[in-house]
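A look at the structure
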Amino acid sequence: MRPALILSASLLSFAARAESGYDAWLRYQPVEYRGPLPAAVVVEGDSPIVASARDELIRGVRGMLGRTLRVESRAPAEGAIFLRRTGSGSSDGFELKAQGGSIQVVGTTDRGVLYGVFALLRRIALGESLANLDDKQSPFTNVRWVNHWDNLDGSIERGYGGRSLFWDNLHARTDLTRVRDYGRLLASLGINGCSINNVNANPRILASDFLPEIVRIADALRPWGVRTVLSVDFGSPQTIGGLSTFDPLDPAVADWWKAKVDEIYRAIPDLGGIVLKADSEGRVGPSAYGRTHADAANVIARALKPHGGLLLYRGFVYDHHMDWNNPKNDRARAAVENFRELDGKFEADAVLQIKNGPIDFQVREPVSPLFGDLEKTKPSLELQITQEYMGQARHAVFLVPMWKETLDFDLRVRGETTPVKSLAKGGIIGVSNAGLDENWFGNNLSQANLYGFGRLAWNPDLSPEDIAEEWALLTFGDNPKVLDVVDRILLTSWRTYENYTGPLGLQTLTDITGNHYGVAVEASERNGWGQWHRADEEGVGMDRTVATGTGFIGQYWPEVARFYESLETCPDDLILFMHHVPYTHVLHSGKTVIQYIYNSHYDGAEAVESYVNEWRLLKGLVDERRYNEILAQLEYQAGQAEVWRDSVTNWFFHASGIADAKGRVGRYPGRYEAESAQLQGYKVTDVTPWEAASGGKAVACASSNCSATFSYAGQAGWFDLRVEYFDQNNGAARYRAWLNDQFIDEWTAADHLPTQKIDGSSSTRRTVRGLALRPGDRIRIEGSPDGGEAAALDYIEIVEQKK
Ligand code: GCV
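Here, residues in each chain are numbered from 1, in the same order as that chain's written sequence. Given that the model is predicted, a residue must reach a pLDDT of at least 70 before its local features are reported, and side-chain atom pairs must reach 80 or more before they are shown or counted; all residues, however, enter totals for whole chains, interfaces and linings. The side-chain numbers reported here are obtained from all heavy atoms of the structure, hydrogens and water having been left aside.

We call a residue near a molecule or strand whenever a single non-hydrogen atom of that residue lies within 4 Å of it. Of all residues adjacent to the ligand, which total 14 residues, the nearest are Glu157, Lys277, Arg314, Lys355 and Glu388. In protein, a polar contact means a hydrogen-donor-capable atom and an acceptor-capable atom, both N or O and within 3.5 Å, with residues adjacent in sequence counting only if both atoms are side-chain atoms; elsewhere, any N or O pair within 3.5 Å suffices. A distance of 2.7 Å is found between an oxygen atom of the ligand and a side-chain nitrogen or oxygen belonging to lysine 277. Between the ligand and glutamate 388 there is a distance of 2.5 Å, counted from an oxygen atom to a side-chain nitrogen or oxygen. Protein contacts shield 97% of the accessible area of the ligand, which totals 340 Å² for the unbound molecule. Ten residues, namely Ala, Val, Leu, Ile, Met, Phe, Trp, Tyr, Cys and Pro, are considered nonpolar, four, namely Asp, Glu, Lys and Arg, are considered charged, and the remaining ones, Gly among them, are considered polar. Tallied by class, the residues present in the shell around the ligand amount to three nonpolar, three polar and eight charged. For accessible areas, the Shrake-Rupley method is used with a probe of radius 1.4 Å. Any residue's cover is judged against the shown protein chains and nothing else.

So, on to the side chain of threonine 141. What counts as a helix is a DSSP run of H or I of at least four residues, what counts as a strand is a run of E of at least two, and both are numbered from the N terminus. Here threonine 141 lies in the loop between strand S6 (134-137) and strand S7 (144-147). Residue burial is assigned from relative accessible area. The probe radius is 1.4 Å, only protein chains are included, and a residue is buried under 20% of its type maximum, exposed over 50%, and partly exposed in between. For threonine 141, a relative accessible area of 4% translates into the label buried.

Before going further, it helps to examine the sheet that holds strand S28 (residues 778-784). A pair of strands is considered paired only if DSSP assigns at least 2 bridges between the two. Taken in spatial order, the five strands line up as S20-S23-S28-S25-S26 in an open sheet, and their pairing is antiparallel. At either end of the open sheet lies a strand with only one pairing partner, and these are strand S20 (678-680) and strand S26 (742-749). In this sheet, neighbouring strand axes are inclined to one another by 15° on average, regardless of whether the strands run parallel or antiparallel. Looking at chain direction, strand S25 (residues 733-739) and S26 are connected through seven bridges and run antiparallel. Within S26, the residue paired with arginine 734 across the bridge is threonine 748. With axes taken as lines fitted to C-alpha atoms, and helix axes fitted only over the stretch in contact, angles between N-to-C directions fall between 0 and 180 degrees.

What follows is about empty space enclosed by the protein. Over the atoms a probe the size of a water molecule is rolled, and this reveals where empty space is left. Only protein atoms enter the 1 Å grid used here. Points where a 1.4 Å probe fits but cannot escape make up a cavity, open sets with protein on both sides within 12 Å along at least five of seven lines make up a pocket, and a residue lines them when an atom lies within 4 Å of a point. Grid points are joined across faces, edges and corners, and a volume is the space filled by probe spheres set on the points. The final tally for this structure, using the stated rule, is nine cavities of 30 Å³ or more. Approximately 110 Å³ is the volume attributed to the second largest cavity. In this structure, the second largest cavity is lined by 13 residues; those nearest its centre are Gly315, Phe316, Ala335, Gly357 and Pro358. Elements represented by at least two residues in the lining of the second largest cavity include exactly helix H9 (334-339) and strand S14 (350-355). Across the lining of the second largest cavity, the residue classes tally to eight nonpolar, three polar and two charged.

Right, let's get into the confidence of the model for the protein chain. In this model, the protein chain carries a mean pLDDT of 96, and residues with pLDDT of at least 70 account for 98%. Confidence per residue, as judged by the predictor, is encoded in pLDDT with a range of 0 to 100. Should any heavy atoms of two residues lie within 4.5 Å, those residues are counted as being in contact. The low-confidence segment residues 1-18, where pLDDT is below 50, has 32 contacts with residues more than four positions distant or belonging to other chains.

What follows is about unusual backbone geometry. Negative phi is the rule for most residues except glycine; trans is the rule for most peptide bonds. Residue threonine 688 is joined to proline 689 through a cis peptide bond whose omega torsion reads -5°. Mapped onto the fold, proline 689 is located in the loop between strand S21 (682-686) and strand S22 (697-701). For arginine 158, which is not glycine, the phi torsion reads 60° and is therefore positive. Tracing the sequence through the fold places arginine 158 in the loop between S7 and strand S8 (167-168). The exposure class assigned to arginine 158 is partly exposed, which follows from its relative accessible area of 23%. Its identity is not glycine, yet arginine 412 carries a phi of approximately 55°, on the positive side. By the element assignment, arginine 412 lies in the loop between helix H10 (400-408) and helix H11 (420-423).

We now examine the packing of aromatic side chains. Any two rings among Phe, Tyr and Trp, with Trp reduced to its six-membered ring, count as a pair given centres within 6.5 Å; such a pair is stacked if its planes are under 30 degrees apart, edge-to-face if over 60, and tilted if neither. Within this structure, the stated rule accounts for 31 aromatic pairs. Ring geometry for phenylalanine 94 versus tryptophan 458: centroids 5.8 Å apart, planes at 25°, classification stacked. Of this pair, phenylalanine 94 sits in strand S4 (residues 94-99) while tryptophan 458 sits in helix H12 (residues 447-458), placing them 364 residues apart in sequence. Both rings, one in phenylalanine 552 and one in phenylalanine 577, keep their centres 6.1 Å apart while their planes meet at 70°; by these two values the pair is edge-to-face. You can see phenylalanine 552 sitting in the loop between strand S17 (539-540) and helix H15 (558-565) and its partner phenylalanine 577 sitting in helix H16 (residues 575-578), a full 25 residues away along the chain. Assessed through its relative accessible area of 0%, phenylalanine 552 is described here as buried. An aromatic cluster is defined as three or more aromatic residues linked by ring pairs; in this entry it consists of Phe409, Phe552, Tyr556, Phe563, Tyr564 and Phe577. Both a distance and an angle decide whether a charge sits over a ring: NZ of Lys or CZ of Arg must be within 6 Å of the ring centre and within 35 degrees of the ring normal. Positioned over the ring face of phenylalanine 577 is arginine 544, at 4.1 Å from the centre of the ring. Geometry around tyrosine 668 places arginine 671 over its ring, the cationic atom sitting 4.0 Å from the centre.

Turning to the side chain of asparagine 439, a few remarks are in order. You can see asparagine 439 is positioned in the loop between strand S16 (428-431) and H12. Given the relative accessible area of 8%, asparagine 439 is considered buried. Among the polar contacts made by the side chain of asparagine 439, one reaches the main-chain amide nitrogen of glycine 442 at a distance of 2.8 Å. In this structure asparagine 439 touches Ser20, Gly21, Tyr22, Asn444, Gln447 and Glu629, once residues within four positions along its chain are discounted.

So, on to the sheet that holds strand S5 (residues 102-107). One open sheet holds the six strands; their spatial order is S2-S1-S3-S5-S4-S6, and the pairing between them is mixed. Strand pairing shows two members of the sheet lacking a second neighbour, strand S2 (70-72) and S6, which therefore form its edges. This sheet shows a mean twist of 20° between the axes of neighbouring strands, independent of strand direction. Pairing analysis gives six bridges linking S4 to S5, with the strands arranged antiparallel. Each residue of the ladder has a partner; that of leucine 96, found in S5, is valine 105. Sitting on the sheet, helix H3 (residues 110-125) is in contact with strand S3 (81-85), S4, S5 and S6, with an inclination near 55° to S4.

Let us now look at the nonpolar core. In this text, buried Ala, Val, Leu, Ile, Met, Phe, Trp, Tyr and Cys residues form a nonpolar core when linked through side-chain atoms within 4.5 Å. One finds Trp615 and Phe652 to be the most contacted residues of the largest nonpolar core, which totals 214 residues. What tryptophan 615 contacts, discounting residues up to four positions off in sequence, is Phe476, Val485, Val486, Ile489, Val622, Arg626, Tyr627, Ile630, Leu631 and Leu634. Cys706, Phe710, Tyr735 and Ile781 belong to the second-largest nonpolar core, a separate cluster that totals 29 residues.

Okay, structure coming up:
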């Protein structure tokens, strides 16, 4: 049974402060714990990490139990919590044991002690008894790192939670409090390394006069056992070192890397290592000199080796100028083709960092076959915590179920059980991109992804259900109603998002050459980037079979290859990733492909609508600020899900010419197009891509004030009014709504959506609830543009009010 939450008056102020989301899962809210607890803490050793462990223990116990542990230098007669390290073992494991009236927290390393303390505090927070405590844990891998794609100017590539924690204006931030607090969050999950700059690296990171900036950040992370890691540009020997070459086989280049790495280690002796993106997406690499990826990795790995540092070489290498017209071309094959031949040529301290799928963090991909292809090279698994193709923290998508599928996927290497997790011993690495937003990610629910990443990197055998439950309880308290709703949203959210953005292995149908956010079904086609789905009038999907397609499937071991090659066995979820089929092809589910595409989009949009309704039932049960923030996020998501639904289904209806058997696509009861309204000042404009706006058109205001008047033609009754408008990010247009002559609402379009255009990324919904409408009523929307923002409108929709 979970304990009831008791808020004591003295702790209320702490609770109120904590509810911005800043404390994430480390809220340490008061809990009722009836078991015995020693009154003192005795610490052996005085390293900064152990001091963090001691202070955290005191902080957590004080917050949750209202008691302040006494710090004693020797064992008191009545027992204590002992923090000590054995110094044996190379991993950061720990043991928690209740003994007599004492609790032993014993780590194999200082980090182990710290992780043991966090585990102890988590048990208290989860309401578990400490009476018979006997728990021994060691991490799955020694490399449990996060990568940040932070630029030195403070911007973040694919970051959705504010500007960089680390950098501003080409310097380390003056105030690094947030970095220290982030280190604490990471440590609470057992994450022990953090790369602090973008893999698209600014060479300046290696300039000697820049080193003090890195030192400051490393100093902030160190007390939490988080080792600093750097991303470097492979051309640095030339750009920073002044050499005439960066050829990895040139002895002067090898000497330069050695001297540079030595210099860094003199200042940061515990540097974790270096991440390298080379010959990818325009980055320079060994190909400039006809050298291999192994040559590139090894020259840096050899420099790192004497210091115990690792070189993480990114396996994300592909040609982004591929010929779309050649049906045999396939980006998915790139990783194996680039690295298979090099197996055995990498230094022992070079680790290949491989994304979970063969493309690029799409809503669904098969596992990268490269994991099963390396015998001598150590692979690590790269996952993306920041939700680049997954709704960019504007959509709630809990990624743990997806990661779990990757970790558990059986690659059948040599016909034997070989889950990916048994191969990824080189590490588990997550692209985090947390930022300065108070709740770190711009969305309270997105925190669950960092939490889940850390828990899985420590123990990939944990289940998504357990992780979701744990996170929900630590983050929102133990009200069963709250937990049920949060768990349900989290655990269904990936499928929901997939349903409306890219089912059946289509990949995320977004603007892949731009912001990777809004809907744009054809953006992936007819260009060299290779994220193709090849949908046309006849059918859809990439033929990756060995028999007739690109041969990608042949990169898997035979049992897996056979499974994907045959339409009989290929799972519905990946069918269009692996095969090109007619729209009338019948899936295992019994539905045709086209009907599945229609249904899944309606199911997805409906599911988000249900999240909103369920969340609204939690009013008063979740602190007000986070309740309102999450409600606003889910309501926005519900509007966007509808935009996606209509765009994708209309696009496929248009392409296939096959009607939706349920008659929904193209028919929108209660919808009134802006282009059909009585317009004053507003001009009708074509939207690109056409599917991103209802009817392919919107109205935009070219003067200082415009209006669109709609005449209501339905029955009398109570309704909600939804106004679909476009919130571009180059202004803050004002809108006002009137029912006949009565003013009913006003708002400003001042959200920060990733586009200046009138398109699927800016399309946004405003809901005015509870209007009594009569036939012939006039609804007038007035818009006043601002800056480049045109106060554009797509349509209004009048829907029966939900009971
Ligand atoms: C940091 C994708 C992203 C890029 C990213 C790249 C990578 O292509 O869109 O922003 O670059 O992956 O992982 O290197």
